[in-house]
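Coordinate analysis (summary)
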Amino acid sequence: MRKLLPVIVLKCLVNISPVFAQDADANALIVSAMGLWNTAQTTDDDAVRLQSLREVRAALQEIVTQHPGSSHAVTLTIGE
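Anyway, here's the lowdown on the structure attached to this text. Note that the structure is a prediction, hence the values are computed from the model and not measured.

1. Observations concerning the pattern of salt bridges
- Evaluation of the coordinates by the stated rule reveals 1 salt bridge.
- The closest approach of N and O atoms between Asp46 and Arg49, which form a salt bridge, is 2.7 Å. In this pair, Asp46 and Arg49 both sit in helix 2 (residues 46–66), 3 residues apart, roughly one turn of the helix.

Below you can see the structure in the form of structure tokens.
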């Protein structure tokens, strides 16, 4: 059994690695969206604020459409 354990763990990791990749990509988009949100909240320039908010919306939409299996997409979809 001890010889099989590393094989079993490796097999599990290979099977779930696409989930981790989706979460990693979604995490990067969330970080970007948060930075843009902070910019929108702190700027006095209306054009910069509008552009930042548009980019936030695009990042969140990309999470939902391109990474639907990620935890962030699930959270955004159910509205928590």
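Picking up where we left off.
2. Some thoughts on the packing of helix 2 against helix 3 (residues 71–78)
- Close contact between helix 2 and helix 3 brings their axes to 8 Å; oriented N to C, the two are set at 110°. As far as their axial angle goes, helix 3 and helix 2 are roughly perpendicular. Residues Leu60, Ile63 and Val64 of helix 2 lie in contact with helix 3, whose contacting residues are His72, Ala73, Leu76 and Thr77.
- The class makeup of the residues in the contact of helix 2 with helix 3 is 5 nonpolar, 2 polar and no charged.

3. Quick word on the side chain of Ser70
- Inspection of the secondary structure assignment puts Ser70 in the loop between helix 2 and helix 3.
- Its relative accessible area of 0% is what places Ser70 among the buried residues.
- A polar contact of 3.1 Å, which involves the side chain of Ser70, links it to the backbone nitrogen of Ala73.

4. A short note on the environment of Leu53
- Mapping Leu53 onto the fold places it in helix 2.
- Each C-alpha atom of the pair Leu53 and Thr39 lies 8.9 Å from the other, and the pair is 14 residues apart in sequence.
- Sequence-distant contacts of Leu53, defined by excluding residues within four places in its chain, comprise Trp37 and Ala40.

5. Section: helix 2
- With 21 residues, helix 2 extends 30 Å between its outermost C-alpha atoms, agreeing within 8% with the 30 Å of an ideal straight helix rising 1.5 Å per residue.
- Measuring from the side-chain oxygen of the N-cap residue of helix 2 to the backbone nitrogen of Ala47 gives 2.9 Å; that N-cap residue is Asp45.

6. What about the side chain of Thr43?
- Structurally, the position occupied by Thr43 is in the loop between helix 1 (4–42) and helix 2.
- With sequence-adjacent residues up to four places away left out, Thr43 is seen in contact with Val48 and Arg49.

How each quantity is defined
- Residues numbered from 1 in each chain as written.
- Predicted model: local features only at pLDDT ≥ 70, side-chain atom pairs only at ≥ 80, totals over all residues.
- Heavy atoms only, no water.
- Salt bridge = Lys/Arg side-chain N within 4 Å of Asp/Glu carboxyl O.
- Helix = DSSP H or I, 4+ residues; strand = E, 2+ residues; numbered from the N terminus.
- Axes fitted to C-alpha atoms, helices over the stretch in contact; angles between N-to-C directions.
- Parallel < 35°, antiparallel > 145°, perpendicular 65-115°, else oblique.
- Contact = heavy atoms within 4.5 Å.
- Nonpolar A, V, L, I, M, F, W, Y, C, P; charged D, E, K, R; others polar.
- Buried < 20%, exposed > 50% of the residue type's maximum accessible area, 1.4 Å probe, protein only.
- Polar contact = N/O pair within 3.5 Å; in protein donor to acceptor, adjacent residues only side chain to side chain.
- Expected span 1.5 Å × (residues − 1).

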